[in-house]
Amino acid sequence: MQESVMKAWWDSSHMAGANAAYVEELYEAYLEDSQSVSEPWRQVFDNLPKVDGVELETNHSSVKEQFRKLASLGPAARMSGGAASEAVSDERQVKVLQLINAFRFRGHQHANLDPLGLWKQARVRDLELSHHSLSEKDFDTVFNVGSYAIGKDSMSLGDLYKSLNRTYCGSIGAEYMHITDTEQKRWLQQKIESVEARPEFSSDEKRSILKGLVAADGMEKYLSSKFPGAKRFSLEGGDSLIPMLKGLITEAGAAGTKECVIGMAHRGRLNVLVNVLGKNPSVLFDEFSGKHDESLGSGDVKYHAGFSSDFATPGGNVHLALAFNPSHLEIVNPVVMGSVRARIARRSDDNNRVLPITIHGDAAIAGQGVVQETFNMSQTRGFAVGGTVRIVINNQVGFTTSKIADARSTQYCTDIAKMVQAPIFHVNADDPEAVQFVTKLALEYRNKFKKDVVIDLVCYRRHGHNEADEPNATQPLMYQKIKKHPVTREIYTDQLVAEGVLEEREAKKYLEDYRNALDHGACVVEEWRPMTEHSVDWSPYMGHDWDTDYDGKISLDKLKELGEKITTYPEDYKLNSRVNKLYQDRKSMITGDKKLDWGMAENLAYASIVQLGHDIRITGQDSGRGTFFHRHAVLHNQGDGGVHIPLQHISEEQGEMEIYDSVLSEAAVMAFEYGFATAEPNCLTIWEAQFGDFANGAQVVFDQFLSSGEAKWGRLCGLTVLLPHGYEGQGPEHSSARLERFLQMCADHNWQVCVPSTPAQVFNMLRRQMIRPMRKPLIVMSPKSLLRHAMATSTLEELAEGKFHNVIGEIDDIAPENVKRVVMCSGKVYYDLLDQRRKNEQTDIALIRLEQLYPFPQEECAKIVAQYSHVKDWVWCQEEPQNQGAWYCSQHHFWQAIPDGAKLTYAGREASSSPAVGYVSVHNQQQKALVEDALTIK
Ligand code: AMP
């Protein structure tokens, strides 16, 4: 700003005469938080002229400099009085505003959060009066409190200081000043400061909280006396979680929520199952005694079990689903979020109808990267769920690892949440009313701003990691303290008795009633209701086997109609020239002028599926276009960057078509899609890896959920996973999707592993996945070079046939009786073999393609093999090294498939620790050699 302009403005403004240093500080406070200065000053600063059109905020150092200069101009400029308001004429006023700000920013560092009192809190000087040049001598002076939302404009410093301490340094440590959005900050300040973080609870509410604590404590004590030494991963120390969750669900229901999906690890899970979800205690006791439900495959330990029920609230019943959970702590979170996304989509209305609640451990939330992945996903188009309420059971120890120095490098275990500017409420779990307050606040925040919010329930763990563990061995001081520490129920009972809310004998009666209910094995949750609110019926998909009949046929006319739809886009759309060419080619494929390629067949499959009314959801790192430029399901207008998805314009009644390029994650995205697919059978849910080996990053999800979820938990899942695979000289990382790993996990007909080799096959494979009334995961080794391979084409008639062939026999005119060797293979190598055999003009070798490696198609194979019953020389040919691919994992099936007395040999790369070589020339040599080997009859 020009000095003359500044001076003119200064002289003419009502600031003339005010103390420049004071104004300068006020201005700084305004820049930090505009609400921290009083309204007249805010108006002044809001109306400051702009420098070359730029807001002064961006250049405030120059403004400060001007203030300083003006202050030195002489008595006229420094003169006090003028039009400045009385409340702000004192320089201390600014200090008071800064004091308020300091409490908002750093009050949590002095809050009383640790029930054990072991946290060593650093002294925060900003919270001391002296830091702000104030002292107790100023206590009687009345100051303007700026935006401090206590409901008064001014307060004596003494009252204000007490109020700030009560609000920000009591049992709640509120961290929200990292949020840049002023509306959110103001909203939170209003909610917290107006009640000094301690609202009044009615007697009924207090009793209800106590009952929750009685249940939490009673349950653990009961289990410990009935099943001493049994692992139960007790909640003790974090007992407030029970009234907290019940409060959260009740408030959510009152606000219109219809379903809550909860994810939590083992700590306190049995307690939540019985005391929140209403699992019948007698069923749990049976499980402790070793009884189990025979109908559930291989089953799982009781502290991983999921559960579903309904819960009565003032707003109607809320459906509760506790997700099944493996030991890999945080991985269930994206599963929960995916499940919620599916439920929101099904309800097709406000996302406040479905609430995700994730319960974390302090060591895990800080330690596991998937937490960061879920925060990163939380506001993206394809993965947002309107915010998750995240609760940390912060018992200050991870198994035997202490929080300080070993478990993390951040002050709080929740610091990761700041990456999305989520508010974080640390709360002392021994103050259950404070816990209720922040829980309600968190829910309101989530529902209003549709963002994640975190509650850090600071507690302790009364026993070892499990009940048989000896915690004193590693945390001696902590456990000496814990031994003497009363349980939360006792602390709260004493409080209520002292407040006159109830008498001691009533509290005792609560205990007796609870124990009696457990003795009777009755449900102990008053709000429990039988399930009616869940929104999907899985029964049509139950009890079907692989041979279940389905009609996959589709007429040629329908294919042509769909083909036209998927090649139509707005007339004014200017496509990229390569995309335009591709779309022109697709048009010729419908007229029959060209044979269909992979991309066209795949898009036609999607069109036919949504046209049948099923939904489709595809995510992956580059799914819209396709890693290898083949899909182009999303068109980008080169003129204005607009986006058009032809598959969304098939018909009025079509299913939803969603396709998103995902965040750059495998674990969380894949887990999200698993969660989605286990909650929605009517959607073809597809996760696509950019390259097949990227599935490594999601290995936990394949191992713990996808391959075994049905066996462990009886949960069906139709997730389709597309993993680009094929040896094309692209080096160790981009050649193999590690087929062997998927085959190694095959058993119990848990999933399908397919390697389709033609456009018609991919078309019919995708349709089969939806039309056949069964939901099993589908692992696909999808192609790369085959996407544009001249031989890998199909006709419309082949698509219309409507059948996925698990095995494909010889296509050339090779008379079976002349055949001396049969080569079996899967995937791209088939075309190398076919091409070379044609070049060699060999007629004594037949080629059989296995398009589905698991479940192994014995019967279909037997029909084809029957023509070659005289052949003794059988070969399995693969591109992968011998220790990889299908050779070892599927060999027993191959032996079973070939005629009795025949021999089976291997043609492929030698065993290797790396999936592929890095040098193209070596790759080419190897590829040539393995094809030659397969085609050379010795
Ligand atoms: P939820 O909405 O997840 O609580 O599920 C409600 C009920 O639907 C469960 O109790 C199961 O009986 C059934 N169900 C939910 N998901 C699946 C699934 N993926 N496979 C089979 N049954 C399911």
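Scoring rules and cut-offs
Residues numbered from 1 in each chain as written. Predicted model: local features only at pLDDT ≥ 70, side-chain atom pairs only at ≥ 80, totals over all residues. Heavy atoms only, no water. UniProt positions renumbered as here; feature names shortened; annotations may be inferred. Phe/Tyr/Trp six-rings, centres within 6.5 Å; stacked < 30°, edge-to-face > 60°. Helix = DSSP H or I, 4+ residues; strand = E, 2+ residues; numbered from the N terminus. Buried < 20%, exposed > 50% of the residue type's maximum accessible area, 1.4 Å probe, protein only. Lys NZ or Arg CZ within 6 Å of the ring centre and 35° of its normal. Pairing = 2+ DSSP bridges. Axes fitted to C-alpha atoms, helices over the stretch in contact; angles between N-to-C directions. Contact = heavy atoms within 4.5 Å. Parallel < 35°, antiparallel > 145°, perpendicular 65-115°, else oblique. Nonpolar A, V, L, I, M, F, W, Y, C, P; charged D, E, K, R; others polar. pLDDT = per-residue confidence, 0-100. Right-handed = clockwise from strand over helix to strand, strands pointing away. Near = heavy atom within 4 Å. Polar contact = N/O pair within 3.5 Å; in protein donor to acceptor, adjacent residues only side chain to side chain. Areas by Shrake-Rupley, 256 points an atom, 1.4 Å probe, with all protein chains shown as cover.

Under an unreviewed UniProt entry, the chain has the name 2-oxoglutarate dehydrogenase E1 component and belongs to Alteromonas halophila. Comment text from UniProt for the chain, heading Catalytic activity (unreviewed entry), reads "N(6)-[(R)-lipoyl]-L-lysyl-[protein] + 2-oxoglutarate + H(+) = N(6)-[(R)-S(8)-succinyldihydrolipoyl]-L-lysyl-[protein] + CO2".

**Q** Before we go on, may I ask you to explain the packing of aromatic side chains in this structure?
**A** For any pair of aromatic rings, geometry is given as the distance between the ring centres together with the angle between the planes. A full pass over the atoms with the stated rule returns 23 aromatic pairs. Each ring, one from Phe383 and one from Phe672, has its centre 4.9 Å from the other, and the planes form 85°; the classification is edge-to-face. One end of the pair, Phe383, is in the loop between helix H15 (369-377) and strand E8 (389-394); the other, Phe672, is in helix H24 (residues 667-679), with 289 residues separating them in the sequence. In this structure Phe383 comes out as buried when scored by relative accessible area, which is 3%. The exposure class of Phe672 is buried, given its relative accessible area of 0%. Three or more aromatic residues link up through ring pairs in this structure, and these residues are Phe324, Tyr674, Phe705 and Trp713. Here the guanidinium or amino end of Lys448 rests over the ring plane of Phe449, the centre of that ring lying 5.5 Å away. Over the aromatic face of Tyr830 sits the side chain of Arg849, whose NZ or CZ is 3.8 Å from the ring centroid.

**Q** Honestly, the sheet that holds strand E21 (residues 778-782) in this entry has me stumped. Any pointers?
**A** Backbone-to-backbone hydrogen bonds pair the strands of a sheet. The strands run either parallel or antiparallel. Sheet architecture is open: 7 strands sit in the order E17-E14-E18-E19-E21-E20-E25, paired in mixed fashion. Strands with a single pairing partner mark the edges of an open sheet, and in this sheet they are strand E17 (657-661) and strand E25 (852-854). Between one strand and the next, the sheet's axes are offset by a mean angle of 20°, whatever the strand orientation. Both strand E20 (residues 752-754) and E25 contribute to a ladder of 2 bridges, which runs antiparallel. Its bridge partner being in E25, Cys754 is matched across the sheet by Gln852. Each of strand E18 (683-688), strand E19 (720-724), E20, E21 and E25 is contacted by helix H28 (residues 759-771), which is oriented at about 135° to E18, the strand it contacts most.

**Q** Explanation requested: the packing of helix H22 (residues 577-591) against helix H23 (residues 598-611) in the structure shown.
**A** Relative placement of two packed helices is described by the angle separating their axes and the distance separating the axes. Running from N to C, H22 and H23 cross one another at 70°; their axes reach a closest spacing of 10 Å. Taken together, H22 and H23 sit at an angle that is classed as roughly perpendicular. Contacts between H22 and H23 involve Arg586, Met589 and Ile590 on the former and, on the latter, Gly599, Met600 and Asn603. The residue makeup of the contact of H22 with H23, split by class, is 3 nonpolar, 2 polar and 1 charged.

**Q** Explain the confidence of the model for the chain here, please?
**A** Any region with low pLDDT has predicted coordinates that should not be read closely. Summing up the model confidence of the chain, the mean pLDDT is 91 and the portion of residues at 70 or higher is 92%. Within the model, the stretch residues 51-58 combines pLDDT values under 50 with 12 contacts to residues more than four positions away or in other chains. Segment residues 70-89: pLDDT under 50, and 25 contacts once partners within four positions in sequence are set aside and those in other chains are kept.

**Q** So what exactly am I meant to see when it comes to the sheet that holds strand E4 (residues 259-264) here?
**A** As summarised here, the arrangement of the 9 strands in space is E3-E11-E12-E8-E7-E4-E6-E5-E13, forming an open sheet in which the pairing is mixed. Looking at which strands have only one partner, the edges of the open sheet turn out to be strand E3 (172-175) and strand E13 (528-529). The pairing of E4 with strand E6 (residues 316-322) spans 4 bridges and is classified as parallel. From the neighbouring strand, Val261 faces E6, where its bridge partner is Ala321. Contacts from helix H10 (residues 241-254) reach E4, strand E5 (307-313), E6, strand E7 (354-361), E8 and strand E12 (453-458), with the element oriented near 65° to E5.

**Q** What exactly am I supposed to notice about the environment of Ala215 here?
**A** Assignment of secondary structure puts Ala215 in helix H9 (residues 203-226). Using a relative accessible area of 10% as the deciding quantity, one classes Ala215 as buried. Spatially, the C-alpha atom of Ala215 lies 7.8 Å from that of Ile242, the residues being 27 residues apart in sequence. The contact partners of Ala215, leaving out residues within four places of it in the chain, are Asn271, Asn275 and Tyr514.

**Q** Just to check I follow, could you spell out the pairing of strand E11 (residues 424-428) for this structure?
**A** Along any regular strand the residues' side chains alternate between the sheet's two faces. Burial analysis of E11 places 5 of its 5 residues in the buried class, the great majority of the element. Here E11 shows a buried face lined by Ile424, His426 and Asn428 and a second buried face lined by Phe425 and Val427. Summarising the sheet, E11 and E12 pair through 5 bridges and their orientation is parallel. By the bridge assignment, Phe425 is partnered in E12 with Ile455. The parallel pair E11 and E12, bridged by helix H17 (residues 432-449), forms a crossover whose chirality is right-handed.

**Q** What's the story with the site of the ligand in this structure? I'm lost.
**A** Inspection of the region around the ligand gives Ser308, His319, Ala321, Arg343, Met531, His534, Trp538, Thr678, Gly714, Arg715 and Leu716 as its neighbouring residues. In the model, an oxygen atom of the ligand is placed 2.6 Å from a nitrogen or oxygen of the His319 side chain. Within the side chain of Trp538, an N or O atom sits 3.2 Å from a nitrogen atom of the ligand. Taking 470 Å² as the accessible area of the ligand by itself, protein coverage stands at 83%.

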